[in-house]
Amino acid sequence: MILRAAGWLLRAYARERCRRLEQVWRDPAAVQERTLLWLLATARSTVFGRAHEFDRIRSVADYQRQVPVQDYLDFRPLWERALAGVPDLTWPGETRYWVNTSGTTAGEKLIPVTSEALASHRKGGWDAFLLAADRVGADRLLGGPMLFLGGSSGLKPVGRGCLVGDLSGLVVRRLPPVIRRRYSPGPAIAAIPDWERRLAATAALASRQDLRLLGGMPSWILILLERVARLREAAGLPIRPLGECWPNLEAFVHGGVAFAPYRRLFEERIGRPLHCLEVYPASEGFVAVQTEVAGGLTLMLDYGIFYEFIPVEDLGRERPRRHTVADLELGRPYAIVLTTPAGLWSYLLGDTVRFIARDPLRLEITGRVRHFVNAFGENVIVEEVERALVEAAQRTGAEVVEFTMAPRYPTAAESRGGHDWVVEFGVAPRDQEAFAQILDETLQGLNPDYRIKRSGEVGMTGPRVIEMPASRIHR
């Protein structure tokens, strides 16, 4: 009876949420301008707000004239003072909670998480949960544990009276009651700081549970599935497919990396297709959720975040073009810029995206601002690497567990450089030479610069595939 009542409430809330989203999508530019003006009004008395004359800004154009695009290194001096206990710097009051995130040029970064920013993250989590419940049935989803594999929920002291940890762990500490009761692996295991110990404890628990939902980064979830399979094998139980261990598992919520290179192996491990729902929760802000089964991530416009988009060719310019949702072009690659209730103002996130549809605005993540290989003028981006890998795996019957790609520079013994693909296979390709050839051909078809560098005998050599033993990349 309790489950039925909870399911009814969830369905009612989901209907109301859908109604609100439809209103948002009718006029996204107006929603975004209201969001920006609220952020400015809230922070106008801060050090940053006074320095940039927030009280004189009346429009998006005013804001873009007075507030430049900045990155972590620009904000770090102010945030270091905030960590020392100084209030009202980029957001009103003191910021007690901070999250760790990796940086491409600044090393480890500490990003502030205000109460308003945490509410924004929770809203994204709620929307993802409601969509999963809509697709598999609220009663079925709430009928058993839901496992989220994220960072440790433990927090460490930093600065003066501040606490720092992983964003997923911070969110888990504040789950609403309806989810907290079903949350796996539970607070005790989630708080284990060591990744290996936490993974082992999670796998031991999950192997005994009637899971209804899996959530986490695909590469991490595959490691968890492998651990569960080992436990079942040690107990003399069938290890594949694992879906037999969880007959009521129907949903997988994923994010963090592209799912395409892992999809085939994931489905083989589970033994049946699941309802897959992608999310885009950056440490700096919860950006998008897959609301449409057709694909693409819907840009969520009512989480208190104002978005700008810089054409990737403008990156590094003193005055880049700054687009909003009012004037985006479909199919064009953009770098995302965020203004958030965590005190981030026109903050260059570092991700690149391409919009594929309107009504609602839907995007695909294409890579990172600095994640590309350009050792020989080939300008190969993450999206192209992933597409080439998927193509090679499909055509040679391979299953990829993990991979990376990097340049191999010329040496005295080899005058031409090329690319090394370091791959761990769940199932090796039928023909490894064909696998490498398909990687090469697909990249040439996707990237004219790479095609030019591969032509003749003076440019790059063909790709070299280096196969890694099981679990070596993880270790």
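Structure shown above.
Since the structure is predicted, the reported quantities are computational estimates derived from the model, not experimental observations.

Engineer: It is not clear to me how the overall build of the chain should be interpreted in this structure. Could you clarify?
Structural biologist: Scanning the chain from N- to C-terminus turns up 16 helices and 20 strands. Relative to the 2.2 N^0.38 estimate, which gives 23 Å for 475 residues, the radius of gyration of the chain is 23 Å and therefore close to what a compact globule would have. Considering only C-alpha atoms, the chain reaches an extent of 65 × 65 × 45 Å along its principal axes. Within the chain, the fraction of its 475 residues that count as buried is 52%. Expressed as a percentage of contacts within the chain between residues at least 6 apart in sequence, the contacts between residues at least 24 apart total 66%.

Engineer: For this particular structure, what's the right way to read empty space enclosed by the protein?
Structural biologist: Left-over empty space is what a probe sized like a water molecule reveals as it rolls over the atoms. Using the criterion set out here, one finds four cavities of 30 Å³ or more in the structure. Size it by volume and the second largest cavity reaches roughly 60 Å³. Taken together, Trp79, Ala82, Val86, Asp88, Leu89, Thr90, Trp91, Gly93, Thr95, Trp98, Pro112 and Ala342 form the lining of the second largest cavity. The residue inventory of the lining of the second largest cavity, partitioned by class, reads eight nonpolar, three polar and one charged.

Engineer: Would you mind showing me how to read the pairing of strand β5 (residues 162-165) here?
Structural biologist: Looking along a regular strand, one sees the side chains alternate between the two faces of the sheet. Every second residue of β5 is oriented toward a common face, with Cys162 and Val164 on one face and Leu163 and Gly165 on the other, all of them buried. Bridge count between strand β4 (residues 156-158) and β5: three bridges; the pairing is antiparallel. Note that in β5 the partner of Val158 across the bridge is Cys162. Taking the residues between adjacent antiparallel strands as the criterion, β4 and β5 are bridged by three residues, where Gly159 takes a positive phi near 60 degrees.

Engineer: Just to check I follow, could you spell out the pattern of salt bridges for this structure?
Structural biologist: Opposite charge on two side chains lets them pair, provided their charged atoms get close. One pass over the structure, following the stated rule, counts 28 salt bridges. Between Glu364 and Arg354 there is a salt bridge, with the nearest N and O atoms lying 2.8 Å from each other. One end of the pair, Glu364, is in strand β15 (residues 362-368); the other, Arg354, is in strand β14 (residues 344-357), with 10 residues separating them in the sequence. Arg354 serves as the salt-bridge partner of Glu383, at 2.6 Å between the closest nitrogen and oxygen. Separated by 29 residues along the polypeptide, Glu383 in helix α14 (residues 382-396) and Arg354 in strand β14 bring together distant segments of the chain. Neither Glu383 nor Arg354 differs from the other in exposure class; each is buried.

Engineer: How should the sheet that holds strand β20 (residues 464-467) be read in this particular structure?
Structural biologist: What holds strands together in a sheet is hydrogen bonding between their backbones, with the strands either parallel or antiparallel. On the basis of which strands lie adjacent, the open sheet formed by three strands has the order β18-β19-β20 and mixed pairing. At either end of the open sheet lies a strand with only one pairing partner, and these are β18 (399-408) and β20. Averaged over neighbouring strand pairs, the angle between their axes works out to 25 degrees when direction is ignored. Bridge count between strand β19 (residues 418-427) and β20: four bridges; the pairing is parallel. Note on β20: the bridge partner recorded for Val423 is Glu467. Contacts from α14 reach β18 and β19, with the element oriented near 130 degrees to β18.

Engineer: Could you clarify how one ought to interpret the packing of aromatic side chains in this entry?
Structural biologist: By the definition in use, this model includes 23 aromatic pairs. Ring centres 4.9 Å apart and planes at 40 degrees place the aromatic pair Trp195 and Trp220 in the tilted group. You can see Trp195 sitting in helix α11 (residues 195-206) and its partner Trp220 sitting in helix α12 (residues 218-234), a full 25 residues away along the chain. An aromatic cluster is present here, built from Trp38, Phe48, Phe54, Tyr72, Phe75, Trp79, Trp91, Trp345 and Tyr347 joined pairwise through their rings. One residue, Arg174, lies across the ring of Tyr97, its end atom 4.7 Å from the ring centre.

Engineer: Please clarify how the environment of Trp91 should be interpreted in this entry.
Structural biologist: Within the fold, Trp91 resides in the loop between α5 (72-83) and β1 (97-102). Along the primary structure Trp91 and Glu391 are separated by 300 residues, whereas in three dimensions their C-alpha atoms are 46 Å apart.

Basis of the calculations
- One numbering rule holds for all chains: residues counted from 1, following each sequence as written.
- Whole-chain, interface and lining totals are the exception, using all residues; otherwise, since this is a predicted model, local features are given only for residues with pLDDT of at least 70 and side-chain atom pairs are given and counted only at 80 or more.
- The basis for every side-chain value is the complete set of non-hydrogen atoms in the structure, without hydrogens or water.
- Segments assigned H or I by DSSP are reported as helices when at least four residues long, segments assigned E as strands when at least two residues long, and all are numbered from the N terminus.
- Radius of gyration: over C-alpha atoms. The globule rule applied is 2.2 Å multiplied by the number of residues raised to the 0.38 power.
- Residue burial is assigned from relative accessible area. The probe radius is 1.4 Å, only protein chains are included, and a residue is buried under 20% of its type maximum, exposed over 50%, and partly exposed in between.
- Contacts between residues were defined by any pair of non-hydrogen atoms, one from each residue, lying within 4.5 Å.
- Cavities and pockets are found on a 1 Å grid laid over the protein atoms alone: a cavity is a set of points where a 1.4 Å probe fits but cannot escape, a pocket is an open set with protein on both sides within 12 Å along at least five of seven lines, and a lining residue has an atom within 4 Å of such a point.
- Grid points are joined across faces, edges and corners, and a volume is the space filled by probe spheres set on the points.
- Gly is placed with the polar residues, together with every amino acid not listed as nonpolar (Ala, Val, Leu, Ile, Met, Phe, Trp, Tyr, Cys and Pro) or charged (Asp, Glu, Lys and Arg).
- Each pair of strands is called paired provided DSSP finds at least two bridges between the two strands.
- Salt bridges are defined as contacts in which a side-chain nitrogen from Lys or Arg sits within 4 Å of a carboxyl oxygen from Asp or Glu.
- Between N-to-C directions, angles cover 0 to 180 degrees, with each direction set by a line fitted to C-alpha atoms, over the stretch in contact for helices.
- For Phe, Tyr and Trp, where Trp contributes only its six-membered ring, two rings pair if their centres lie within 6.5 Å, and the inter-plane angle classes them as stacked under 30 degrees, edge-to-face over 60, or tilted in between.
- Lysine and arginine charges are scored as sitting over a ring when NZ or CZ, respectively, is within 6 Å of the ring centre and within 35 degrees of the ring normal.

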